[in-house]
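Chains, contacts and geometry: an overview
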Amino acid sequence: MSSRSVLYDVPGPRAKKRNVLLTVLFLIALAALVWWVVQSLADKNQLEWVKWRPFFTDSRAWSTYLLPGLENTLIAASLAMVIALPLGALFGIARLSEHWWVRSTAGIVVEFFRAIPVLILMLFANAAYSEFTDISPDSRPLYAVVTGLVLYNASVLAEIVRAGILSLPSGQSDAAKAIGMRKSQVMRHVLLPQSVTAMLPAIVSQLVVIVKDTALGGALLGFSELLASVRPMSANYGANTIASFTVVAVVFVVLNFALTSFASWLESRLRRGKRSTGAVVGADAVDQLATPGERVSHDDLGGAGGTSST
């Protein structure tokens, strides 16, 4: 075997010993930190069973506090995702437009909302709804949270879409235009389907951010989301703040893990679906995609009557 790798040099005997020693020291330090945290919690009586028991024996802790908060979190996050995804894709494609006024307008909107913290957007939205609409005070926090999340995350998603499309080789567009496809057809049939797979990890990361940022509405706007349920729950069950925060954190971890797991499954499925099957596209099928007056003849396809799909 070669002693060198493509990405790095294979460590020698001394380097391997040093790596093992550093790993052991890190594990010892980590164990000491965990012991200190556990001991500190135990000294302050935060590990007593009475503080954790409601989450295992009292269903009201879930039905009264956690599940309603989780429901509001999912509602706000789902609405923000459903609106932000297509809006971000629209602005991302607009930033690639050949018309300068479309490209400039989309760029100004994206850069403006991407530069403002999402919490400020929520506060401004809440004030605007209070001043200019008749939305009830009970529903206003939800509207404000969703609006802030949509404005900020649509701008970020627009940049993700733009970067994903620009990452494709220019030959993809050139080949599509060579057979007479219009710009809209190139984007819809060639560029977007291929870039979605490349963009999916970044998109999922931004969706996880949306789920977590719903907690900002509970902190300052009184939105009854999952994290906001800690205060009344802790007050009702005897100042079990650490236990309440821990349970809420576990729920967030499970929720985001489910989201990323679904995205990983979807990405692998899309990659399998994009593999070439060796199918042949006939000249008639290519002819239907070509613009009127720019039909492709059989001789243009090499006289074979078709071309392999990619």
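The rules we used
Residues numbered from 1 in each chain as written. Predicted model: local features only at pLDDT ≥ 70, side-chain atom pairs only at ≥ 80, totals over all residues. Heavy atoms only, no water. Helix = DSSP H or I, 4+ residues; strand = E, 2+ residues; numbered from the N terminus. Buried < 20%, exposed > 50% of the residue type's maximum accessible area, 1.4 Å probe, protein only. Contact = heavy atoms within 4.5 Å. Areas by Shrake-Rupley, 256 points an atom, 1.4 Å probe, with all protein chains shown as cover. Expected span 1.5 Å × (residues − 1). Core = buried A, V, L, I, M, F, W, Y, C linked by side-chain atoms within 4.5 Å. Salt bridge = Lys/Arg side-chain N within 4 Å of Asp/Glu carboxyl O. UniProt positions renumbered as here; feature names shortened; annotations may be inferred.

Things to note about the overall build of the protein
For the protein, the helix and strand inventory stands at 12 helices and two strands. For the protein, the proportion of its 310 residues judged to be buried stands at 34%. Here the analysis covers contacts within the protein between residues at least 6 apart in sequence; of these, 72% occur between residues at least 24 apart. Of the roughly 19,000 Å² of accessible surface on the protein, a fraction of 64% belongs to carbon and sulfur atoms.

Quick word on helix α6 (residues 118-132)
The terminal C-alpha atoms of α6, which comprises 15 residues, lie 21 Å apart, in line with the 21 Å expected from a rise of 1.5 Å per residue. Contact partners of the buried residues in α6: α5 (100-115), α7 (140-166) and α9 (183-220).

Some words on the nonpolar core
By size, the foremost hydrophobic cluster in this structure holds 50 residues, and its most contacted members are Phe-55, Leu-66, Val-145, Leu-149, Leu-191, Ile-210 and Leu-226. Going through the elements one at a time, α4 (60-94), α6, α7, α9, α10 (230-236) and α11 (241-274) are the ones with two or more residues in this core. Looking at this core, the element that brings in the most residues is α7, giving 11 residues. Setting aside anything within four residues of it in sequence, one finds Phe-55 in contact with Ala-61, Trp-62, Leu-66, Met-233, Asn-240, Ala-243, Ser-244 and Val-247.

Focus on the pattern of salt bridges
Working definition: two side chains of opposite charge can pair if their charged atoms are close together. Scanning the model with the defined rule gives five salt bridges in all. The closest approach of N and O atoms between Asp-58 and Arg-60, which form a salt bridge, is 3.1 Å. Classification of Asp-58 by relative accessible area gives buried; the value is 16%. Accessibility expressed as a relative area gives 54% for Arg-60, which makes it exposed.

What to know about unusual backbone geometry
Both trends apply: most residues other than glycine have a negative phi, and most peptide bonds are in trans. Unlike most non-glycine residues, Asn-45 shows phi in positive territory, near 60 degrees. Inspection of the secondary structure assignment puts Asn-45 in the loop between α1 (13-43) and α2 (49-52). The partly exposed category is assigned to Asn-45, whose relative accessible area is 40%.

What to know about the UniProt feature "transmembrane region" (unreviewed entry) in the protein
Look at the UniProt record and you will see "transmembrane region" (unreviewed entry) annotated at residues 20-38, 74-94, 106-129, 149-169, 190-211 and 242-266. From the first C-alpha to the last, residues 242-266 spans 36 Å; its make-up is 100% helix and 0% strand.

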